[in-house]
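Working through the structure, step by step
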Amino acid sequence: MAQSANSQQSILERLNAEVIKTDLPRLDVGDTINIHFRIVEGDKERLQVFQGVLISRSGRGINEMMVVRRVVDDVGVERIVPVNSPLVAKYEVVRKGDARRAKLYYLRDRRGKSQRLRDRRRGLKHLVAGERGVGEKAAPKA
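The following refers to the structure shown. (Residues numbered from 1 in each chain as written. Predicted model: local features only at pLDDT ≥ 70, side-chain atom pairs only at ≥ 80, totals over all residues. Heavy atoms only, no water.)

1. A short note on the pattern of salt bridges
For the structure shown, the criterion picks out 12 salt bridges. Between Glu64 and Arg57 there is a salt bridge; the shortest N-O distance is 2.4 Å. The class for Glu64 is buried, based on a relative accessible area of 17%. Relative accessible area serves as the criterion here: at 24%, Arg57 is assigned to the partly exposed category. (Salt bridge = Lys/Arg side-chain N within 4 Å of Asp/Glu carboxyl O. Buried < 20%, exposed > 50% of the residue type's maximum accessible area, 1.4 Å probe, protein only.)

Shown next as structure tokens:
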């Protein structure tokens, strides 16, 4: 019984691997991103860009979802997007935001300048390119 469950799982993973996008840029929570959606109207197809702040990611593999938020005319608009959706033509990172938590739901209650996130590059100006690795802390100034 365990053998058949294992083979079913491997079949599902192979099917999902065909659909999962591999050309994605690094999308972190706090980043401002452009999402290019394919809109089909009759026999015509066009691209529509949705720009907003990535406030959460959840799931993994084929089920991975993300929530992107923008403010239009003082009204917050959030869009839940499947990462591997065929309706998404491409993702672009416009600005890297410095977020210290995994979900930025607190931005829903903010208005005006307090809603903005600090730019990630701002705190790294004193470092030489390539000096700081992933997971390492910055060396103190001498």
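Structure's up, so let's keep going.
2. Details of the environment of Asp109
Here Asp109 lies in the segment after β5 (88-95). For Asp109, a relative accessible area of 67% corresponds to the exposed category. (Helix = DSSP H or I, 4+ residues; strand = E, 2+ residues; numbered from the N terminus.)

3. Looking at the nonpolar core
Judged by nonpolar contacts, the single largest core of 13 residues is most densely connected at Ile33, Ile35, Phe37, Met66, Val68, Val81 and Tyr91. The set of elements that each furnish at least two residues to this core consists of β1 (32-41), β2 (44-58), β3 (65-72) and β5. For this core, the element with the highest residue contribution is β1, accounting for 4 residues. With sequence-adjacent residues up to four places away left out, Tyr91 is seen in contact with Leu24, Pro25, Leu27, Asn34, Ile35, Met66, Val81, Pro82 and Val83. Val29, Val67, Leu104 and Leu107 belong to the second-largest nonpolar core, a separate cluster that totals 6 residues. (Core = buried A, V, L, I, M, F, W, Y, C linked by side-chain atoms within 4.5 Å. Contact = heavy atoms within 4.5 Å.)

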